[in-house]
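# Fold and geometry: a report
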Amino acid sequence: MTGTIGKSGSPGAKQELGAELRSIADTLLSARRDARALPAFPGQLPDTFEDAYAIQNYSRHAWPDEVGAWKVGGVPPGPYRERFGVDRLVGPVFSRAIHHVGEGEVAEFPVYPGSAAVEGEFVFQLGANPGEERMFIGVELASSPVPAINSLGPVAVICDFGNNGGLLVGQEIKNWRDIDAGSIDLETLIDGEVVGTRTLTNFPKDALDALAFLRAHAEKHSIDLPQDSLVTSGAITGVHETRSGVSAVCRFGQFGEIQLKLVPAKPFAG
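In this report, the structure presented in the accompanying data block is examined. Sequence order as written defines residue numbering, which begins from 1 separately in each chain. Where totals are concerned, whole chains, interfaces and linings use all residues; where local detail is concerned, this predicted model gives features only for residues with pLDDT of at least 70, and gives and counts side-chain atom pairs only at 80 or more. Computation of side-chain values covers all heavy atoms of the structure but excludes hydrogens and water.

### Thoughts on a negative patch on the surface
Quick reminder of the rule: Residues form patches when they are more than 30% accessible in relative terms and have no salt bridge. Like charges link within 9 Å. Nonpolar side chains (Val, Leu, Ile, Met, Phe, Trp, Tyr) link within 5 Å. The Shrake-Rupley method, run with a 1.4 Å probe, gives the accessible areas here. Residue values count only the displayed protein chains as cover. What counts as a salt bridge is simple: a side-chain nitrogen of Lys or Arg found within 4 Å of a carboxyl oxygen of Asp or Glu. In this tally, Lys and Arg are treated as positive and Asp and Glu as negative; His is ignored, and so are the chain termini. We put the charge of a Lys on NZ, of an Arg on CZ, of an Asp on CG and of a Glu on CD. Under the scheme applied here, a residue whose accessible area is under 20% of the maximum for its type counts as buried, over 50% as exposed, and between as partly exposed, the area being computed with a 1.4 Å probe on protein chains only.
Taken together, the side chains of Glu20, Asp47, Glu50 and Asp51 define an acidic patch exposed on the protein surface. A residue is classified by how much of its surface remains accessible, and Asp51, at 31% relative accessible area, is partly exposed.

### Regarding empty space enclosed by the protein
Here is the rule: Buriedness for pockets is judged along seven lines, at least five of which must meet protein on both sides within 12 Å for an open set on the 1 Å grid over protein atoms alone, while cavities are sets there where a 1.4 Å probe fits but cannot get out, and lining residues have an atom within 4 Å of a point. Grid points are joined across faces, edges and corners, and a volume is the space filled by probe spheres set on the points. Only DSSP runs of H or I with at least four residues qualify as helices, and only runs of E with at least two residues qualify as strands; both kinds are numbered from the N terminus onward. Classes in brief: Ala, Val, Leu, Ile, Met, Phe, Trp, Tyr, Cys and Pro nonpolar; Asp, Glu, Lys and Arg charged; the others, Gly included, polar.
Under the defined criterion, the tally for this structure stands at 3 cavities of 30 Å³ or more. Here the largest cavity is characterised by a volume of approximately 50 Å³. Ranked by the residues each element gives to the lining of the largest cavity, the list is headed by strand E5 (residues 115-125), at 3 residues. A class-by-class count of the residues in the lining of the largest cavity yields 5 nonpolar, 3 polar and 1 charged.

### Comments concerning the environment of Ala212
With respect to the secondary-structure elements, Ala212 resides in helix H5 (residues 205-220). Overall, the relative accessible area of 47% leaves Ala212 in the partly exposed class.

### Quick notes on unusual backbone geometry
Leaving glycine aside, a negative phi is the common case for residues, and trans is the common case for peptide bonds. Pro204 follows Phe203 through a cis peptide bond whose omega is 0°. Positioned with a positive phi, Asp228 is a non-glycine residue whose angle comes to about 80°. You can see Asp228 is positioned in the loop between H5 and strand E10 (230-232). Overall, Asp228 belongs to the partly exposed group, its relative accessible area being 31%.

Here's what the structure looks like:
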């Protein structure tokens, strides 16, 4: 893996937490620093998105790295979406976990022992002004010390950095706003087996909707989004749970592909 892409900015005002929420945050941070799995979510799940984002805000200030990107993830249709009234969520991606992968290169990427998933995504790189974004193909490594974190719902995901373990950024999609893409066939393979496919007929609408959601979230939470910040647009073929030791390929039709191998995370040195 080579080089970090993106530029971190001010993450907004630090959030003061009560003892119960601070205990959740500190336990999650400690497990990530030590690259160890937790037996379960550390405590009672918060009741609101506001408390979950308060934990996230506290934790990203405490993590010894700068924010270089933001992930936008989905809240699945069903009771959680009905309860909270939103269809997306947000989490930070830290600079040391953002890497560029060249065409034909196989990137080794660390994942936590609690849970891990591969998600092919489109990635924006912000310009000086809205409308000047560049676009790349990418892979989010959704990983957490919390076992089966996605099954616990979006509140748990938000609390632990949006269940993000890092980001691979691949080839740029040149002049993406002018592409008459028609249909784009995408697929994800794990150890050579196809685990997810999707045909896009509305490129790049979904990606732009995710970017708009992130901008609104950033404004609400006083988060700076400086030029060159990266923004992921959400899993395209699905959230494909996996583990250390496997290989994966995310194919983006005519836009290229990203190959990777998952390896065990090491304790964070920073």
